[in-house]
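# Inside the fold
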Amino acid sequence: MFVVHPDRLKWVWILFGVWLLPAYADQPPLTYGLTPVQQPHTAPALRLPTMDDETIDIEALKGKVVVVNFWATWCPPCRREMPSLERLYQTSKEKGLVVLAVNIGEDIDTIFPFLGTVDPSPSFPILLDNDSHSLSEWKVRGLPTTFVVGPDGNLVYQAVGGREFNHPALLNQLLDLLKE
Amino acid sequence: MLLMSNTASAQSQTVDPTSGAVSWETQIHGVTLSLTQILPDQARAFYLNRGLPAVATEPYAKACVYMTILRNDSAPGVVQFRLEDWSVVSTDQSRPPLSVEEWLKRLEEYDLTQAAMIAFRWAQFPPEHAYQPGGDWNQGMLTTGLEADTVFNLVARWDVAGEPYQGVLRNVRCAP
């Protein structure tokens, strides 16, 4: 029987640079609240290519509730929240919810292998922001950061840090928005 | 008025059985603050894997690096902070953590790819932020600039509605 010695395992962690991802039990809990934007205002522009080389413009999504998530594969809470973002999308897309995950600064060769490790694997669009310009336009100061854009195109919620997107409390906030 | 230090708050310490990295954590005034050692080999591996050359990675890996978490669990309002207001207090000095801007300036001499610069910049703990109550938080890398094995206190400072607060992690040790 093949047994991996703990010392060897340590070097696997180190060589692949995934040290930021020890056992999930050691990671801080994902939270589940969305903060209402005090004075809702028009969402900044967002027009980026997807991994399928299509272009998505948030301006064309008026009438829908759009969850905009800024992330990177090397960001531990970004990785941890990704499955719940897909679950949210699966349960709410028929009701008019759109999820856009904006990757910051990475290429398809880096992103694609990671997506294969996510269960359930994301089926929502992954947008590519190669030069990170969207972070300054959306005033993002740390990853992950998520915004919710209402049907009228206004920013209505935001969340700094990793979230459990399919938590009932968070889901209810979004479902209420979808009913409006 | 400085409302409180966390002399009465509990501070926990844990050790990762795989890497041996030590973590320190405290909860104070509705805020969670923690530091986890990033071992020099871990810091080297992380940035070498993201395109930084070894010569650029080495000073960073030896700068006493921590994975830092600050979370607003139940503070009485929005937690606003700037890292330049924090103090790393050792026996012979008290100064803020090394700034992201300082590291980015050091990296200018290397011909780094845009992707490498972006990964470096955004993997650092935010230089400033505002966390809403109920769960806003960040996790990122923070450098103290101290030598290996140095023991220090981290004094984290933040404001809530204009009132200053602080939390202290005591007897934190730099990785060997």
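Description of the structure in this document.

## Observations regarding the overall build of chain B
What chain B contains, in helices and strands, is four helices and 11 strands. Taken over the C-alpha trace, chain B has a radius of gyration of 16 Å; the compact-globule value for 176 residues is 16 Å, and the two agree within 12%. By principal-axis analysis of the C-alpha atoms, chain B measures approximately 45 × 30 × 30 Å. A separation threshold of at least 6 residues defines the contact pool for chain B, and within that pool the share at least 24 residues apart is 66%. Separation of charge centres in chain B, based on 12 positive and 19 negative side chains, amounts to 3 Å.

## A word on the overall build of chain A
Within chain A one finds five helices and eight strands. Put simply, chain A has 180 residues, and 54% of those count as buried. Long-range pairs, those at least 24 residues apart, make up 76% of the contacts in chain A between residues at least 6 apart in sequence. Surface accessibility of chain A: about 8700 Å² in total, with carbon and sulfur atoms responsible for 55%.

## Some details on the sheet that holds strand β5 (residues 97-104) of chain A
Residues and elements named next belong to chain A. With respect to topology, six strands assemble into an open sheet ordered β1-β8-β7-β4-β5-β6, the strand pairing being mixed. The open sheet has two edge strands, β1 (35-36) and β6 (126-129), and neither has a second partner. Across four bridges, β5 lies against β6 in parallel orientation. Opposite Val 102, over in β6, you have Leu 127 as the bridge partner. Strands in contact with helix α2 (residues 76-92) are β4 (65-71), β5 and β7 (145-149); relative to β4, the strand with the most contacts, it is inclined by about 165°.

## Here we look at the environment of Ser12(B)
Residue and element names in this part refer to chain B. Looking at the element boundaries, Ser 12 is found in strand β1 (residues 11-15). According to the relative accessible area criterion, Ser 12 is partly exposed, its value standing at 40%. Between the C-alpha atoms of Ser 12 and Gly 134, which are 122 residues apart in sequence, the distance is 22 Å. Aside from chain neighbours lying at most four places away, what touches Ser 12 is Ser 23, Trp 24 and Glu 25.

## Quick look at the interface of chain A and chain B
A common way to express how large an interface is: the accessible area buried when the components associate. In this complex, chain A contributes 38 residues to the contact, which on the side of chain B involves 32 residues. The interface formed by chain A and chain B includes two salt bridges. Linking chain A with chain B are seven residue pairs in polar contact (both at pLDDT 80 or more), by the criterion used here. Elements with a minimum of two residues in the side of chain A that touches chain B: α1 (6-15), α2 and β8 (155-160) of chain A. It is α1(A) that provides the largest number of residues to the side of chain A that touches chain B, a total of five residues. In the side of chain A that touches chain B, the residues fall into 20 nonpolar, 12 polar and six charged.

## Things to note about helix α3 (residues 100-107) of chain B
Residue and element names in this part refer to chain B. Every buried residue belonging to α3 is among Val 100, Trp 103 and Leu 107, and all of these are buried. Around the axis of α3, the buried residues are gathered within 65° of arc, so they sit on the same side. Tucked inside the fold, the buried residues of α3 contact α2 (54-61), α4 (114-123) and β9 (137-143).

## Considerations on the sheet that holds β9(B)
All names here are of chain B. Strands sit in the order β1-β2-β3-β4-β9 across an open sheet of five strands; the sheet is antiparallel. Across the chains shown, the open sheet's two edge strands, defined by having one partner strand only, are β1 and β9. On average, each strand axis in the sheet is tilted by 20° relative to the strand beside it, whichever way the strands run. One ladder, built from seven bridges, connects strand β4 (residues 65-72) with β9; its direction is antiparallel. Each residue of the ladder has a partner; that of Thr 68, found in β9, is Gly 140.

Reading the values: rules and limits
Residues numbered from 1 in each chain as written. Chains lettered and ligands numbered in written order. Predicted model: local features only at pLDDT ≥ 70, side-chain atom pairs only at ≥ 80, totals over all residues. Heavy atoms only, no water. Helix = DSSP H or I, 4+ residues; strand = E, 2+ residues; numbered from the N terminus. Rg over C-alpha atoms; globule rule 2.2 N^0.38 Å. Contact = heavy atoms within 4.5 Å. Lys, Arg positive; Asp, Glu negative; His and termini not counted. Charge placed at Lys NZ, Arg CZ, Asp CG, Glu CD. Buried < 20%, exposed > 50% of the residue type's maximum accessible area, 1.4 Å probe, protein only. Areas by Shrake-Rupley, 256 points an atom, 1.4 Å probe, with all protein chains shown as cover. Pairing = 2+ DSSP bridges. Axes fitted to C-alpha atoms, helices over the stretch in contact; angles between N-to-C directions. Salt bridge = Lys/Arg side-chain N within 4 Å of Asp/Glu carboxyl O. Polar contact = N/O pair within 3.5 Å; in protein donor to acceptor, adjacent residues only side chain to side chain. Nonpolar A, V, L, I, M, F, W, Y, C, P; charged D, E, K, R; others polar. Arc of directions from axis to C-beta.

Purely geometric numbers; function is a separate question.
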